[in-house]
Each structure stands twice: as C-alpha cells, then as structure tokens.
Amino acid sequence: MKYMVTLNGKNYEVEVERGEAILLDVSDAPAAPAVPVASVATVAPVATNAASSAPGPAAATPATAPPLAKGETLGAPMPGAILSIKVSQGQFVKKGEVLLILEAMKMENEVVAPRDAVVVQVIIVPGAVVNAGDPLLVLD
C-alpha cells in the first residue's frame, strides 16, 4: 500500500508491504499557515486502483486555528495526543486542578492549572496531536 506522509515541511511517498517500507519520493510540502495548528504529521493513503479509492471516514481537522483570547496561554509541556479535556470555557479552576489529560509515550499525563484562574478559551480538542509549547488553553 502506498502512503503520502507530510513531516517537517516535506512530503514523503512511501510504499509499505509486509512490514517493509520503501521510500519512493521526497518533495517539499506547501507552505504551512502562519497560525499554529494542532497536528504534527498527516498520513493519507495514495490510491493505487479504483477499488482502493473508496472514501473512508472524514478526519477531524480544523480549517483554521481560532484567534487566541487575551490572557495567559498555557502551552503543551511535551509532544503528545490530547485524550480528554476536563474544563470548559468560563470555568473557574484552582491551582493544581486537572485541566486536561495528555498522552505521551503511552503514559497519561495530567496538565494542571498553574494558579487560580478562569478558563477564557479552550484551544484544542480531544484527539488533537500537539508539539511541546503548542497552545492548549488561555487562562485569565
């Protein structure tokens, strides 16, 4: 099966067969938007014949990232995937309260409030993949 993988601004066309991967082509990816996005890499199968081009489930990717609200932006402490969000916009949180669960290296990590605050904006969604420093929430 052939895949097109975009990673660090480069497109890689890869063929995978019985556990072996063969790199077929490398090209520059289109310029990324200036707004930070929540995904690290995208993988999409490349159709090889009419039978394999059947539509699959749609991926949940935001068209554009929302503008950040005023306040302290809480960034991701490490790269990983967002498993769940425990707070909502407008909610008051106390210092040390769990805001969300971030899965990294097969471990669930709690991201906690650094201080007493109000959640002004929830930027990410469950299932999003983030890099270290990517914005997660805005606190006021």
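Above: the structure in question.
Worth saying up front: this structure is predicted, and the values here are computed from it rather than measured.

> Explain the overall build of the chain to me, please; I cannot follow it from the model alone.
Counting its regular elements, the chain contains zero helices and 12 strands. Out of the 140 residues belonging to the chain, those deemed buried represent 23%. Across the chain, every contact between residues at least 6 apart in sequence was considered, and the portion connecting residues at least 24 apart equals 51%. As displayed, the chain offers around 9300 Å² of accessible surface, 59% of which is attributable to carbon and sulfur atoms.

> Whenever I open this one, the sheet that holds strand β7 (residues 92–93) confuses me. Can you help?
Working definition: the strands of a sheet are paired by backbone hydrogen bonds and lie parallel or antiparallel to each other. If you trace the four strands from one edge of the open sheet to the other, you get β5-β12-β10-β7, paired in antiparallel fashion. The open sheet is flanked by β5 (72–75) and β7, the only strands paired with a single partner. Bridge analysis of β7 against strand β10 (residues 117–122) gives two bridges, and the strand direction is antiparallel. Bridge pairing in β10 places Val93 opposite Ala117.

> For this particular structure, what's the right way to read unusual backbone geometry?
Generally, phi is negative for residues other than glycine and the peptide bonds are trans, each holding for most cases. Phi at Met105 takes a positive value of approximately 55°, unusual for a residue other than glycine. Position of Met105 relative to the elements: it lies in the loop between β8 (98–104) and β9 (107–112). Taking the relative accessible area as the measure of exposure, Met105 reaches 80% and is therefore exposed. We note that Lys106 has phi near 65°; this positive angle belongs to a residue other than glycine. Following the sequence through the fold, Lys106 ends up in the loop between β8 and β9.

> Can you help me understand the sheet that holds β9 in this one?
Sheet architecture is open: four strands sit in the order β9-β8-β6-β11, paired in antiparallel fashion. Unpaired on one side and paired on the other, β9 and β11 (129–130) mark the two borders of the sheet. Where β8 meets β9, six bridges bridge the pair, whose relative direction is antiparallel. The partner of Ala104 across the bridge, within β9, is Met107.

> Explain the pattern of salt bridges to me, please; I cannot follow it from the model alone.
Pairs may arise between side chains of opposite charge once their charged atoms sit close together. In the structure shown here, the tally under the stated rule is one salt bridge. We note a salt bridge from Glu72 to Arg115, for which the minimum N-O separation is 2.8 Å. Of this pair, Glu72 sits in strand β5 while Arg115 is found in the loop between β9 and β10, placing the two residues 43 residues apart along the sequence. Residue Glu72 is classed as partly exposed on the basis of its relative accessible area of 33%.

> What is the right way to look at the nonpolar core in this model?
Among the nonpolar cores identified, the biggest contains 18 residues, and Ile82, Val93, Leu99, Leu100, Val130, Leu136 and Leu137 are the most heavily contacted of them. Of all the secondary structure elements, the ones that give two or more residues to this core are β8, β10 and β12 (135–139). Residue contacts for Leu99: discarding those within four places in its chain leaves Leu74, Ile85, Lys86, Val87, Val93, Val111, Val112, Ala113 and Leu137.

> Sorry if this is basic, but what is going on with the environment of Leu137 here?
You can see Leu137 is positioned in strand β12. Under the relative-accessibility criterion, Leu137 is labelled buried at 0%. The spatial distance from the C-alpha of Leu137 to the C-alpha of Glu72 is 8.3 Å, given a sequence separation of 65 residues. Apart from residues no more than four positions distant in its own chain, Leu137 is found in contact with Glu72, Thr73, Leu74, Val87, Leu99, Leu100, Gln121, Val122 and Ile123.

About the criteria used
- Residues numbered from 1 in each chain as written.
- Predicted model: local features only at pLDDT ≥ 70, side-chain atom pairs only at ≥ 80, totals over all residues.
- Heavy atoms only, no water.
- Helix = DSSP H or I, 4+ residues; strand = E, 2+ residues; numbered from the N terminus.
- Buried < 20%, exposed > 50% of the residue type's maximum accessible area, 1.4 Å probe, protein only.
- Contact = heavy atoms within 4.5 Å.
- Areas by Shrake-Rupley, 256 points an atom, 1.4 Å probe, with all protein chains shown as cover.
- Pairing = 2+ DSSP bridges.
- Salt bridge = Lys/Arg side-chain N within 4 Å of Asp/Glu carboxyl O.
- Core = buried A, V, L, I, M, F, W, Y, C linked by side-chain atoms within 4.5 Å.

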